[in-house]
There are 2 protein chains.
Amino acid sequence: MKYELYYWPQIQGRGEFVRLALEECGAEYVDVAREPSAGGIEAMLRLLGEHSAGHRPFAPPFLRAGELLIGQTANILDFLGARHSLAPTSEAGRRWTLQLQLTLSDLVDEVHDTHHPIAGSLYYEDQKPEAERRAGDFVHQRLPKFLDYFEQVLQHNTAGAAHLVGERLSYADLSLFQLVAGLQYAYPHALGRLAATHTRVMALHEAVKARPRIRAYLVSPRRVPFNQKGIFRRYPELDPP
Amino acid sequence: MKYELYYWPQIQGRGEFVRLALEECGAEYVDVAREPSAGGIEAMLRLLGEHSAGHRPFAPPFLRAGELLIGQTANILDFLGARHSLAPTSEAGRRWTLQLQLTLSDLVDEVHDTHHPIAGSLYYEDQKPEAERRAGDFVHQRLPKFLDYFEQVLQHNTAGAAHLVGERLSYADLSLFQLVAGLQYAYPHALGRLAATHTRVMALHEAVKARPRIRAYLVSPRRVPFNQKGIFRRYPELDPP
């Protein structure tokens, strides 16, 4: 069965967490909105507008898997994790992986709101003073708090610090990789200050990046480059040295 | 087995979505941080600080269910939904319920950020102009968009508009009830303008409120009253007539 991923074609965004899971498990999938022959963005917008099609999602990303149409990033990953061994099969392990993913999702939301603290419908330039205030809090309070947490989860994993959950790769590891990649692009100074005290997080990032399928994906045209339209944006004024 | 719920004792907050599910299914539980004899808030803070205790949560709410310690509201509800028939048993139904819950959670985050658009660590008074800008966007753009979505989900439910998912109550219905209750408290003018065109959402709210266990819960001392410390806060300047 070939999966259909639906996400905005020009950004990594939240869809990237799903793409990484699909790539790591070698699943067959089509990135519909980036593939005119598969229907392109029109096909995605049609599903977003069509209640009659069944379980209409509120927003991308969503995934078609045979008869299922699944929305919300963490929900999709929990589904893929169970199908492709990207999460433990035990209830405790599955819940823990989903819990970590939802915490990573909260951090992703906070990254987004650093450049859009007032409204997603306004330009960054229309909320720049507010963005500078919010980014200041993010860099000094929120980001260290989240990174401390993930560092400690790795440190206290009784199976070793190579993975967030147990002794095997999970989708939460892939998501933490992506989070660090995004921070390297958007907040290089803030991340640089934290890297030395968060060595396990940084090592996990490097280890995921070196996995054969991820490495191949990252240099492929399937990986959308970071840019100033996505969740992770580089505004130097938000990340002073 | 008696569940242990851990959440901030003075607010409804995100813990309320879990409380409502526990109350509706008649589960035995103790609200630990509100119960000095159960350990009180110290017991909660201890678990938040103790990595050695296992799967340390990043933030409340979290639920102890025997050996399991589960964090993140939607994760807890997905777990309780499967155990207590508050969600369908089919994969499609379970995923759809979780998807709706995660969309409701996104809306709850946006309500929170209307009064704290810059930083949760600052007082409302320190971010009031920003809050007014953000609340304006929320009232005119985001809230109608979310409510339109849930109204249409109800309208297009092939089993009828009485529930979000199929023909039975799910935890997503309980959460939508709570969301409307919170908006009645925090944004009565905005909700008042939308009520007439969102009759299915409002009817679901009333139907949940009239359920015997929910009705009993709402007048019990177990229900924390809405107040100015929670997610839903009444600041008249954010909700002009």
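Calculation rules
- Residues numbered from 1 in each chain as written.
- Chains lettered and ligands numbered in written order.
- Predicted model: local features only at pLDDT ≥ 70, side-chain atom pairs only at ≥ 80, totals over all residues.
- Heavy atoms only, no water.
- Contact = heavy atoms within 4.5 Å.
- Buried area = accessible area lost by both parts, 1.4 Å probe.
- Salt bridge = Lys/Arg side-chain N within 4 Å of Asp/Glu carboxyl O.
- Polar contact = N/O pair within 3.5 Å; in protein donor to acceptor, adjacent residues only side chain to side chain.
- Helix = DSSP H or I, 4+ residues; strand = E, 2+ residues; numbered from the N terminus.
- Nonpolar A, V, L, I, M, F, W, Y, C, P; charged D, E, K, R; others polar.
- Least-squares fit on C-alpha atoms with pLDDT ≥ 70 in both.
- Axes fitted to C-alpha atoms, helices over the stretch in contact; angles between N-to-C directions.
- Parallel < 35°, antiparallel > 145°, perpendicular 65-115°, else oblique.
- Pairing = 2+ DSSP bridges.
- 1 Å grid on protein atoms, 1.4 Å probe; cavity = no way out; pocket = protein on both sides within 12 Å on 5 of 7 lines; lining within 4 Å.
- Points joined across faces, edges and corners; volume = space filled by probe spheres on them.
- Buried < 20%, exposed > 50% of the residue type's maximum accessible area, 1.4 Å probe, protein only.
- Core = buried A, V, L, I, M, F, W, Y, C linked by side-chain atoms within 4.5 Å.

1. A word on the interface of chain A and chain B
Argument step 1. Across the contact, 44 residues belong to chain A and 44 residues belong to chain B.
Argument step 2. Overall, the association of chain A and chain B removes approximately 4,100 Å² of surface from exposure, summing both partners, and the carbon and sulfur fraction of that is 55%.
Argument step 3. Per-residue buried area on chain A facing chain B is highest for F58, R95 and R133 of chain A; these three make up 18% of the total on that side.
Argument step 4. Counting across the interface, chain A meets chain B through 8 salt bridges.
Argument step 5. The salt bridge partner of E130 of chain A is R133 of chain B, with a shortest N-O separation of 2.7 Å.
Argument step 6. Put simply, chain A and chain B have 28 residue pairs in polar contact (both at pLDDT 80 or more) between them.
Argument step 7. For the side of chain A that touches chain B, the elements supplying multiple residues, two or more each, are β4 (68-71), α3 (73-83), α4 (91-115) and α5 (128-155) of chain A.
Argument step 8. No other element matches α4 of chain A, which puts 12 residues into the side of chain A that touches chain B.
Argument step 9. For the side of chain A that touches chain B, the class distribution of residues is 17 nonpolar, 12 polar and 15 charged.

2. Some details on the relation of the copies chain A and chain B
Note on the chain copies: they are related by a rotation about an axis and a translation along it.
Argument step 1. Of the transformation superimposing chain A on chain B, the axial component is 0.0 Å and the angular component is 180 degrees, with the fit at an RMSD of 0.0 Å. Here the transformation between the copies is reduced to the relation of a two-fold axis. The C-alpha atom lying nearest the rotation axis in chain A is that of P117 of chain A; the distance is 2.9 Å.

3. Things to note about the packing of helix α6 (residues 171-186) of chain B against helix α8 (residues 199-209) of chain B
Residues and elements named next belong to chain B.
Argument step 1. Their axes nearest at 9 Å, the elements α6 and α8 cross at an angle of 105 degrees. With respect to each other, α6 and α8 are oriented roughly perpendicular. When α6 is examined against α8, the residues D173, L174, L176, F177, V180, A181 and Q184 are found in contact with a partner set consisting of V201, M202, L204, H205, V208 and K209.
Argument step 2. Partitioning the contact of α6 with α8 into residue classes produces 9 nonpolar, 2 polar and 2 charged.

4. Observations concerning the sheet that holds strand β3 (residues 62-65) of chain A
Residue and element names in this part refer to chain A.
Argument step 1. What the 4 strands build is an open sheet, ordered β2-β1-β3-β4; its pairing is mixed. Of all strands in the sheet, those with a lone pairing partner are β2 (29-31) and β4, marking the two edges. The average angle at which neighbouring strand axes cross in this sheet is 20 degrees, direction not considered.
Argument step 2. Relative to β4, β3 runs antiparallel, the two being bridged by 4 bridges. Bridge pairing in β4 links L63 to I70.
Argument step 3. In the packing of helix α1 (residues 15-24) onto the sheet, contacts are made with β1 (3-6), β2 and β3, and the angle to β1 comes to roughly 160 degrees.

5. Details of empty space enclosed by the protein
All names here are of chain A.
Argument step 1. Counted according to the given criterion, the structure contains 2 cavities of 30 Å³ or more.
Argument step 2. Roughly 70 Å³ of volume is contained in the largest cavity.
Argument step 3. Around the largest cavity, the lining residues are I11, Q12, G13, Q178, P225, F226, N227, G230, I231 and F232.
Argument step 4. A breakdown of the residues in the lining of the largest cavity according to their chemical character gives 5 nonpolar, 5 polar and no charged.
Argument step 5. For the second largest cavity, the calculated volume is near 50 Å³.
Argument step 6. For the lining of the second largest cavity, the per-class residue count stands at 5 nonpolar, 4 polar and no charged.

6. Description of the environment of L80 of chain B
Residue and element names in this part refer to chain B.
Argument step 1. Within the secondary structure, L80 is located in helix α3 (residues 73-83).
Argument step 2. Look at L80 and you get buried, because its relative accessible area is 0%.
Argument step 3. With near-sequence residues (within four places) excluded, L80 lies in contact with Y3, V18, A21, L22, L63 and S85.

7. A word on the nonpolar core
Argument step 1. If you look at the biggest cluster of nonpolar residues, it comprises 138 residues, and the most contacted ones within it are L164 of chain A together with L164 of chain B.
Argument step 2. Not counting residues up to four positions away in its chain, the partners in contact with L164 of chain B are W96, L100, F150, V153, L154, N157, A172, D173, L176 and L204 of chain B.

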